[in-house]
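These are the residues of each chain, in order.
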Amino acid sequence: MAVEDQPFVCPTCAWRGTENELDCDYSLFGEYTEKTCPKCSTVLQTIRNYLTAEEAQQQADAGNVWLQQAISYRSLIEQSQLKSIDQFPDLADRSELELVWECVNIPEEGRQESVWIIIRLASGEPIWRERSYYGNQARFFEMKELLTLKYGDRLKSFERDRSDFLYTSLYWYGD
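Basis of the calculations
Residues numbered from 1 in each chain as written. Predicted model: local features only at pLDDT ≥ 70, side-chain atom pairs only at ≥ 80, totals over all residues. Heavy atoms only, no water. Helix = DSSP H or I, 4+ residues; strand = E, 2+ residues; numbered from the N terminus. Buried < 20%, exposed > 50% of the residue type's maximum accessible area, 1.4 Å probe, protein only. Areas by Shrake-Rupley, 256 points an atom, 1.4 Å probe, with all protein chains shown as cover. Pairing = 2+ DSSP bridges. Axes fitted to C-alpha atoms, helices over the stretch in contact; angles between N-to-C directions. Contact = heavy atoms within 4.5 Å. Salt bridge = Lys/Arg side-chain N within 4 Å of Asp/Glu carboxyl O.

Draft legend 1. View of the overall build of the chain. Scanning the chain for helices and strands turns up four helices and nine strands. Secondary structure elements of the chain occur, N-terminal to C-terminal, as β-β-β-β-β-α-α-β-β-β-α-β-α. Taken across its 175 residues, the chain has 38% of its residues classed as buried. For the chain, the accessible area works out to roughly 10100 Å², and carbon and sulfur atoms hold 49% of it.

Draft legend 2. Region of the structure containing the sheet that holds strand 3 (residues 23-24). With antiparallel pairing, the three strands of this open sheet are ordered in space as 3-4-5. Each having just a single partner strand, strand 3 and strand 5 (43-48) make up the two edges of the open sheet. As judged from the two bridges shared by strand 3 and strand 4 (residues 32-36), these two strands associate in the antiparallel manner. Paired with aspartate 23 across the bridge in strand 4 is threonine 36.

Draft legend 3. Representation of the sheet that holds strand 9 (residues 155-160) in the model. If you walk across this open sheet you meet the four strands as 8-7-6-9, and the pairing is mixed. The open sheet terminates on both sides in strands that have one partner only, identified here as strand 8 (126-131) and strand 9. On average, adjacent strands in this sheet sit at an angle of 20 degrees to one another, irrespective of strand direction. Here strand 7 (residues 115-121) pairs with strand 8 via five bridges, running antiparallel. Paired with isoleucine 117 across the two strands is glutamate 130, which belongs to strand 8. In this fold helix 2 (residues 65-80) packs onto strand 7 and strand 8, with an angle of close to 155 degrees to the strand it touches most, strand 8. Each of strand 6 (97-105), strand 7, strand 8 and strand 9 touches helix 3 (residues 137-151); the most contacted strand, strand 9, lies at about 165 degrees to it.

Draft legend 4. Layout of the pattern of salt bridges. Enumeration over the complete set of coordinates arrives at eight salt bridges. Linking glutamate 19 and lysine 35 is a salt bridge whose minimum nitrogen-to-oxygen distance equals 2.6 Å. Of this pair, glutamate 19 sits in the loop between strand 2 (16-18) and strand 3 while lysine 35 is found in strand 4, placing the two residues 16 residues apart along the sequence. For the pair glutamate 19 and lysine 35, one class covers both residues: buried. The shortest N-O distance in the salt bridge between aspartate 161 and arginine 120 comes to 3.5 Å. With aspartate 161 in the loop between strand 9 and helix 4 (165-173) and arginine 120 in strand 7, this pair connects stretches of sequence that are 41 residues apart. Beyond isolated ion pairs, a larger network of salt bridges with shared partners links Glu102, Arg120 and Asp161.

Draft legend 5. Representation of the environment of leucine 76. With respect to the element layout, leucine 76 can be found in helix 2. Overall, the relative accessible area of 33% leaves leucine 76 in the partly exposed class.

As structure tokens, then:
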């Protein structure tokens, strides 16, 4: 029996399936990857990552389904990311900007969880969104620099939303 075909049983919800059916956090380059129950998100397997990007691509090309999915999702993240500060709206009608960073689950077909970074005005109006990933705090600081370049002195604050622990904090810290 191949490793990918070995059965898993979730101790929380009793879901049964194979390794290929588990959800992953898709962080190829972190030290660990967690595979979770697709029904209730209980961690069922933790894997220590030792692959370089090149090795991961070689294994994906050789048929490793999990790595194919991970590389595909990483590509989706990169495609959704800001390429130019010109992608931010001008917001010329506002003299002072208070912006908030939050992560929200926006369901997609075929994925139990699809978390997006939303940058919004303090009043709630979103101005940018891109796919999130675990341990995204470095991206926060990158975005803060880009927002400062775009809005200059009009940017009065850019803060992480601390009211939603489930996604914003979870994805901030990556655990």
